[in-house]
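Each chain, written out:
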Amino acid sequence: MRLYSCLLFCCLFSLPIIAQKKNDAYQLHIRKATSPVKIDGVVDEPAWAASDTATDFYMILPMDTSYAKVRTDVQMTYDDKNIYLLVVNYNGAPGPYMVESLRRDFAFLKNDNFLLFMDPFDDQTNGFSFGANAAGAQWDGMMYDGGKIDLSWENKWSSVVKNYPDKWVFEASIPFKSIRYKKGITQWGINFGRNDLKTTEKSSWAPVPRQFPSASLAYTGVLVWDVPPPDPGVNVSLIPYLLGGVNKNFETGKAAAFRGDAGLDAKVAITSSLNLDLTVNPDFSQVDVDKQVTNLDRFELFFPERRQFFLENGDQFTNFGYSTIRPFFSRRIGLGVPIHFGARLSGKLNKDWRLGVMNMQTGKQTATALPAQNFTVAALQRRVFARSNVGFIFINKESLNYNPDKALPGEPVYSRYNRNYGLEYNLASANNFWTGKAMVLKSNTPGRSGKDWVHAANLQYTSRVWNVSWQHEYVGKNYNAEVGYVPRQGYIKINPQITRLFFPKKGSLLSHGPQLSTTNFFDEKMKRTDNEVLLSYGMVFRKRNTFTLWSSTSYIKLLQPFDPVNIGKDSLAAGTAHSWNTVGADYVSKPQSLFTYALSTRYGGYYADGKRFTFTGELGYRFQPYVSLALSANYNDIRLPQPWGNQAFWLVGPRVDVTMTNTLFFTGFMQYNEQMKNVNLNTRLQWRYRPASDLFIVYTDNYLPEPYYVKNRALVIKFVYWFNL
């Protein structure tokens, strides 16, 4: 294992690094507006006549070897307070535009849309994205990792989309106070992306290879300012909320409990690129409920964070590590216990250094004897070479005024503290063909020492036709991340993967090719415990529908007792070995249709020489742009020896989204989970009466399906207002 680690570290640090940015030759000059700009979708201001135009976009899909067939023109200007954006999106084909709804932060591939990708530090790693679909729904997000977008980020800006017979015009005003940038810099990274579903064409102003998303900051052009952007001045925002609600637990028979609450968030710009976020008594009752899944896994399931305070600019914390080795997972903070206050300092110190520090304080919970706890996370990142970086993280969970030796009989015992330290190197070559990561983590917990560290690394090569990757992991049996997500300890994992793509010059297929991967788990003595070999063949059609066939062979040696259907009947013994074969298929329909669907099925063996059949379907129909209907369903039929016998589980989730305007939304969502014996109903009305200011009305029910009765019910009304000082 040490030999593998040394070889991979050498590869990560010895790859050729090209400092020159790929698309430096693509430049758009931005000058101060010669007249006031009114955001109305009408191109009649003298300021636009005096502005440069970015046009002649390049096609990304279906082929990246020519100019786009659909014309897009982009202009930018500014004044002392705002950046202005004007986009003329010409028709690619006759007929109505394709949009999913008027909902904010729409699905990119399901809408005719335009997006701006902005890299104010020109570091090809972090930035901001703004855009709209053809019906006027807004999109905004914070960019990280060179091309990923966190759509939970929201700030104040305004836009209008106006439709004409031959085009749709998008006009926007983005305040300098809503973004972060370094004073004095006169060149920003910039790119523009267009998705036109009628012609199935995706394009960008500065060319991007088809194997990468149009958001790839490695391929941005240059926005050249005539003078340095203005100082945004004092930038302080206060965001108070008021809340009222009632909930009743029918299972306990207690009277309804009424609730009134208030809290405050604040955003303070320490510099134009460094921001301080403060929160006092935060509430997240308006956040969407988790999408349930049928649980047939041996390890803890992962549910993503949805609370905005933890998501905004949180990539430095949450992206450290891998999907199953996360030293920091914010859902460990404040779920089921009150958060009293918190603070986060995050942003750029300069072009090369990035800082993130967060502290949260929770209250104690009498019912479980959980003490008050303090959480501190600190991350520091230094850019190296063209686009790579080195990062450090420190995580501390401290139980306040608590001694586990004094716990009363029968009370749960908690650790006094848990600390994690980590260092990682993130590789991203200048052209994005080579990416990778190498990291080391160490934990510190009272009573647990030795084999309390982690090492993992991966290296990936992505070209037009090849995708080859290697990943290995080691997690010691005593490694402990109480504020993280590491569902498995005491293992070594090796996971190579290879994909080959073919691109026909004619026909309905856009690309197709095989993928082979193998995932191998060993204990710390290198004895095999798990193995899966997966072979698949994927096809992408020119209409963007996809079809995949796959087969796999699996081997699992249980390290602890496990109930294969998770209903509490019995458990398979630790040490027993199980192997089986599985075949499956997945299909996703073309996004241009009003009726869309995705189907997935698998059939094969299961534990204890059993059989498992799974079918998953997602159906959607839209009355664009106002109503979107969706139904997701998952069915598992598992056949096992006694005492389990034949077990079948349905998980059904219908959903309705009504977007009356691009500021008034209603969502209704039901989930029937036969495995958990629960029916959940959640409805939410959101009125964005001013930019970044909302009124929420949220109603939730939980039912027991058999015999049918209400378990609990809640209604919450929340009012949020954004003040700029």
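Attention in this report is confined to the structure presented alongside it. (Residues numbered from 1 in each chain as written. Predicted model: local features only at pLDDT ≥ 70, side-chain atom pairs only at ≥ 80, totals over all residues. Heavy atoms only, no water.)

1. Observations concerning the overall build of the protein
Next, step 1: Counting secondary structure elements, the protein contains four helices and 39 strands.
Next, step 2: Its C-alpha radius of gyration of 26 Å places the protein within 12% of the 27 Å reference for a compact globule of 725 residues.
Next, step 3: Along the three orthogonal principal directions, the C-alpha set of the protein runs to about 75 × 60 × 50 Å.
Next, step 4: Residues counted as buried form 52% of the 725 residues belonging to the protein. (Helix = DSSP H or I, 4+ residues; strand = E, 2+ residues; numbered from the N terminus. Rg over C-alpha atoms; globule rule 2.2 N^0.38 Å. Buried < 20%, exposed > 50% of the residue type's maximum accessible area, 1.4 Å probe, protein only.)

2. Quick word on unusual backbone geometry
Next, step 1: The omega torsion across Leu61 and Pro62 is 5 degrees, close enough to zero to call that bond cis.
Next, step 2: Structurally, Pro62 is set in the loop between strand 3 (58-61) and strand 4 (72-78).
Next, step 3: A cis amide bond links Gln642 to the next residue, Pro643, at an omega of 15 degrees.
Next, step 4: You can see Pro643 is positioned in the loop between strand 33 (627-639) and strand 34 (646-661).

3. Side note on the pattern of salt bridges
Next, step 1: Taken as a whole, this structure holds 35 salt bridges when the rule is applied.
Next, step 2: Between Glu154 and Arg688 there is a salt bridge; the shortest N-O distance is 2.7 Å. Highlighted residues: Glu154 in the loop between strand 9 (148-150) and strand 10 (158-164) and Arg688 in strand 36 (residues 678-690), separated in sequence by 534 residues. Here Glu154 matches Arg688 in class, with each residue buried.
Next, step 3: Measuring nitrogen to oxygen at the nearest pair gives 3.5 Å for the salt bridge that ties Asp196 to Arg194. Judged on exposure class, the residue Asp196 and its partner Arg194 are both buried.
Next, step 4: Linked by salt bridges that have partners in common, Arg104, Asp140, Glu154, Arg688 and Asp694 make up one network. (Salt bridge = Lys/Arg side-chain N within 4 Å of Asp/Glu carboxyl O.)

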